[in-house]
Structure formats: structure tokens, C-alpha cells
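Structure at a glance
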Amino acid sequence: MCISLALTIRDRPTPFQVYEITLTTLKQSANNERLWFNTYVKYGKACLNSKDFSQLSRVVDELHRSCQLPDGSDDPTKGTYLLEVYALEIQVRCALWPC
């Protein structure tokens, strides 16, 4: 019985896998930009809490790219999104270099 329980627990997806599956599904749906963004921010915070800074860097970069115009400048219509990205970047820097 303990072996079957251990296998069941081991076969469960980790929270990070759940985030990745959810984000992939949301990205394919054109009508869920805000939900995709909020989920990605939460994924970034989970990476921050687990100190997975390499993945967190990719998350912050992707979030920031989603707030840019085709020429690479920040999209002024996405000010709220940009504030959330900058807040996450500040948290990363504080975690790496004590504020």
C-alpha cells in the first residue's frame, strides 16, 4: 500500500507543471490575455519563492515583451501590466541583492 501511495504522489504534476500547462493553454486562446498575464505573474512569484532565478528571468522577460510594441518600446496602453512587471523585477533584485 505504501508503494502505491508513493507512486501516486510521484506521478502527480508539480505546481510548476500545472502553471506551464495552464499558460500554454491560455496563450493559445486569444481572448484570455489578462488571465494569461495574471497567471504568468503568479508563476513568476512561485519561481521567486522557490529561488529559481533562471526560470524567473525568463518569466520576467516574457512578461515585459508582452507589454511592448513591435518596435520594442513599452506600450503606453499597458501601464497596469508594466507596473506589475516592474514590481516583480524589483522583488527579484531585492532577493538577489539585499535592499
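A few points on the structure. Computed from a prediction, not measured in an experiment: that's the story for all the values here.

1. Here's the deal with the pattern of salt bridges
Applying the stated criterion to the full structure yields four salt bridges. Among the ionic pairs, Lys27 bridges to Glu62, the shortest N-O distance being 2.8 Å. Highlighted residues: Lys27 in helix H2 (residues 15-28) and Glu62 in helix H4 (residues 53-65), separated in sequence by 35 residues. When its relative accessible area of 18% is taken as the criterion, Glu62 is described as buried. For Glu33, the salt bridge identified is with Lys78, shortest N-O distance 2.8 Å. Of this pair, Glu33 sits in helix H3 (residues 33-49) while Lys78 sits in the loop between H4 and helix H5 (79-96), and the two are 45 residues apart along the sequence. When its relative accessible area of 39% is taken as the criterion, Glu33 is described as partly exposed. In this structure, a network of salt bridges that share partners links the residues Lys27, Glu62 and Arg65.

What counts and how
- Residues numbered from 1 in each chain as written.
- Predicted model: local features only at pLDDT ≥ 70, side-chain atom pairs only at ≥ 80, totals over all residues.
- Heavy atoms only, no water.
- Salt bridge = Lys/Arg side-chain N within 4 Å of Asp/Glu carboxyl O.
- Helix = DSSP H or I, 4+ residues; strand = E, 2+ residues; numbered from the N terminus.
- Buried < 20%, exposed > 50% of the residue type's maximum accessible area, 1.4 Å probe, protein only.

None of this, on its own, says anything about what the molecule does.
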